[in-house]
Amino acid sequence: MDIDLLVKVTSRAWSLNILTLMHRGVAGRQAALLSASGAGRTAFTKSLTYLIELGLIERNPGHGHPLRPEYRLTPLGTQYAARADQITVAAPKDSELILVRRAWTVPVLAVSQRPRYFGDIKKDLGGITDRALSQSLKTLHAQQWLTRDIDMNQRPPRPLYSAINAGIEISQAVNLGS
């Protein structure tokens, strides 16, 4: 999985949810997906449109009414949908799913499979600001999805971050290596 595409996919709150629902066999009609997701219509529509722009979902030609189209996963979308489902399984509680829907949660966990410094995480994620990364790290640490250890061998001592518990499961589900 490509980190840049992962960052783009997770930038919309309902994208992973839509992919998961399609992977699980929810009908590709907008009304069925909207109902199953529990999202608001505007946020859902923006996420669906964005997934189409990313090439993960496409209109199913010859199916559906022009005003009520049907959608299907592309081959790339099928791969991402399977991973989105694994991420959802790793975070089964509603409070955890809310955290997963935040823009930087999954990408931060994805690059934190092994101990990393703040600067290394920031470099791997490209467009993340210091503030957004700092807030994500604090939230993930409070959720106990990330551990923060101090590397006393560095001068000055520096914190090392590493995914743990459900955070490591999410990181492994993303599987950046493939």
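Our subject is the structure that appears above.
Here the structure is a predicted model, which means the values were calculated and not measured. (Residues numbered from 1 in each chain as written. Predicted model: local features only at pLDDT ≥ 70, side-chain atom pairs only at ≥ 80, totals over all residues. Heavy atoms only, no water.)

Caption draft 1: Structural view of empty space enclosed by the protein. As enumerated under the stated definition, the model contains 1 cavity of 30 Å³ or more in all. Of the volumes computed, that of the largest cavity is approximately 70 Å³. Among the elements of the structure, α2 (15-23) and α6 (94-100) are those that each provide at least two residues to the lining of the largest cavity. Here the residues of the lining of the largest cavity sort into 4 nonpolar, 2 polar and 1 charged. (1 Å grid on protein atoms, 1.4 Å probe; cavity = no way out; pocket = protein on both sides within 12 Å on 5 of 7 lines; lining within 4 Å. Points joined across faces, edges and corners; volume = space filled by probe spheres on them. Helix = DSSP H or I, 4+ residues; strand = E, 2+ residues; numbered from the N terminus. Nonpolar A, V, L, I, M, F, W, Y, C, P; charged D, E, K, R; others polar.)

Caption draft 2: Summary view of the pairing of strand β4 (residues 146-151). The pairing of β4 with strand β5 (residues 158-163) spans 6 bridges and is antiparallel. If you follow R148 over to β5, its bridge partner there is Y161. (Pairing = 2+ DSSP bridges.)

Caption draft 3: View of the sheet that holds strand β3 (residues 116-117). Taken together, 3 strands build an open sheet; the order of strands is β3-β5-β4 and the sheet is antiparallel. At either end of the open sheet lies a strand with only one pairing partner, and these are β3 and β4. As judged from the 2 bridges shared by β3 and β5, these two strands associate in the antiparallel manner. Following the sheet pairing, Y117 is matched in β5 by L160. On the sheet, helix α9 (residues 130-142) packs against β4 and β5 and is oriented at approximately 110 degrees with respect to β4. (Contact = heavy atoms within 4.5 Å. Axes fitted to C-alpha atoms, helices over the stretch in contact; angles between N-to-C directions.)

Caption draft 4: Fine view of α9. Helix length check: α9, at 13 residues, gives a terminal C-alpha distance of 18 Å against a target of 18 Å (1.5 Å per residue), a fit within 8%. Turning to α9, its buried residues number three or more, namely A132, L133, S136, L137 and L140. Down the axis of α9, the buried side of the element spans an arc of 130 degrees, and every buried residue falls inside it. Looking at α9, the residues exposed on the side facing more than 90 degrees away from the buried face are R131, K138 and A142. Residues of α9 that are buried in the fold lie against α6, α7 (105-110), α8 (118-125), β4 and β5. (Expected span 1.5 Å × (residues − 1). Buried < 20%, exposed > 50% of the residue type's maximum accessible area, 1.4 Å probe, protein only. Arc of directions from axis to C-beta.)

Caption draft 5: Inspection of helix α4 (residues 41-53) at higher detail. Spanning 13 residues, α4 covers 18 Å between terminal C-alpha atoms, matching the ideal 18 Å at 1.5 Å per step. A positive phi of about 80 degrees marks G55, the residue just after α4.

Purely geometric stuff here, so don't read any function into it on its own.
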